[in-house]
Amino acid sequence: METVQITLTDASYANALREMLERGGLREVRSVEAPDQRLDGVIVVDPDALDRLPFPLDNPERIVLITSNDPQHLSSAWNAGIRSVVFSQDPLATAVLAIMAAELRTPRADSRCPGAHAVAHTLAGRDRKGA
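Residues numbered from 1 in each chain as written. Predicted model: local features only at pLDDT ≥ 70, side-chain atom pairs only at ≥ 80, totals over all residues. Heavy atoms only, no water.

In this section: the nonpolar core. Counting residues in each nonpolar core, the largest one holds 22 residues, and the members touching the most others are Ile6, Leu17, Val44 and Val64. For this core, the elements supplying multiple residues, two or more each, are strand S1 (2–7), helix H1 (11–23), strand S3 (42–45), strand S4 (63–67) and helix H4 (92–105). The biggest single contributor to this core is H4, with seven residues. Excluding residues within four positions of it along the chain, Val44 makes contact with Val4, Gln5, Ile6, Thr7, Leu8, Leu17, Val64, Ile66 and Ile99. Ranked by size, the runner-up nonpolar core spans 11 residues in total, among them Ile43, Val45, Ala49 and Ile63. (Core = buried A, V, L, I, M, F, W, Y, C linked by side-chain atoms within 4.5 Å. Buried < 20%, exposed > 50% of the residue type's maximum accessible area, 1.4 Å probe, protein only. Helix = DSSP H or I, 4+ residues; strand = E, 2+ residues; numbered from the N terminus. Contact = heavy atoms within 4.5 Å.)

Another aspect to go through is the confidence of the model for the protein chain. With 81% of its residues at a pLDDT of at least 70, the protein chain reaches an overall mean of 83. pLDDT under 50 marks residues 115–122. Its contacts with residues more than four places away, or in other chains, come to 10 contacts. (pLDDT = per-residue confidence, 0-100.)

Further remarks concern unusual backbone geometry. Going from Phe55 to Pro56, the amide bond is cis rather than trans, its omega being 0°. With respect to the helices, strands and loops of the structure, Pro56 is situated in the loop between helix H2 (47–52) and S4. Positive phi values are uncommon outside glycine, yet Asn59 reaches one of about 50°. Here Asn59 shows up in the loop between H2 and S4.

Here we come to the pattern of salt bridges. Enumeration according to the criterion identifies four salt bridges in this entry. The salt bridge partner of Arg18 is Glu22, with a shortest N-O separation of 3.2 Å. With Arg18 and Glu22 both in helix H1 and four residues apart, the pair spans about one turn of that helix. Glu103 is the salt-bridge partner of Arg27, the closest N and O atoms lying 2.8 Å from each other. (Salt bridge = Lys/Arg side-chain N within 4 Å of Asp/Glu carboxyl O.)

What follows covers the sheet that holds S1. Reading across the sheet, the five strands line up as S2-S1-S3-S4-S5 and stay open at both edges, with parallel pairing between neighbours. Of all the strands in the sheet, the pair left with one neighbour each is strand S2 (27–31) and strand S5 (84–87). With direction set aside, neighbouring strand axes in the sheet form an average angle of 20°. The sheet contact formed by S4 and S5 spans four bridges and is parallel. Note on S5: the bridge partner recorded for Val64 is Ser84. Against the sheet, H1 engages S1, S2, S3, S4 and S5, with an angle of about 165° to S2. With respect to the sheet, H4 is in contact with S1, S2, S3, S4 and S5, its orientation differing from that of S5 by roughly 175°. (Pairing = 2+ DSSP bridges. Axes fitted to C-alpha atoms, helices over the stretch in contact; angles between N-to-C directions.)

What follows covers the pairing of S1. The element S1 is extensively covered by neighbouring structure, given that six of its six residues are classed as buried. The alternating pattern of S1 places Glu2, Val4 and Ile6 and Thr3, Gln5 and Thr7 on opposite faces, both of which are buried. In terms of strand pairing, S1 meets S2 through five bridges, oriented parallel. Pairing of Thr3 across the sheet is with Glu28, part of S2. As for the winding sense of the linkage, the β-α-β connection from S1 through H1 to S2 is right-handed. With four bridges joining them, S1 and S3 adopt parallel strand pairing. Bridge pairing in S3 links Ile6 to Val44. (Right-handed = clockwise from strand over helix to strand, strands pointing away.)

Right, here's the structure in full:
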């Protein structure tokens, strides 16, 4: 089972994202004050949480940054090696796709990839942010 750690200041966005991720049943989703980079899985952060992580980041390809379209935040993400950035105004489904992409990039002991049915199931419901 994949683990996703969520550290976001926007509690309503974090809760909606958590609910959407849990629908597929293939992930353990944790809302945390500070992500533990020693744990396997994806880490979802906002700029405040990113600033609190120790640098250099361990496996920055597994981090998904939720941010505004701010050049300073985007530059920081790029310099940190983060590959997945989702704008906070984007639909939740976009964040879920970024998390799934990060899961595929993250090396893990169990090399099974989540099934296509999980993708369809996760994205089947309409999210609360639009789309």
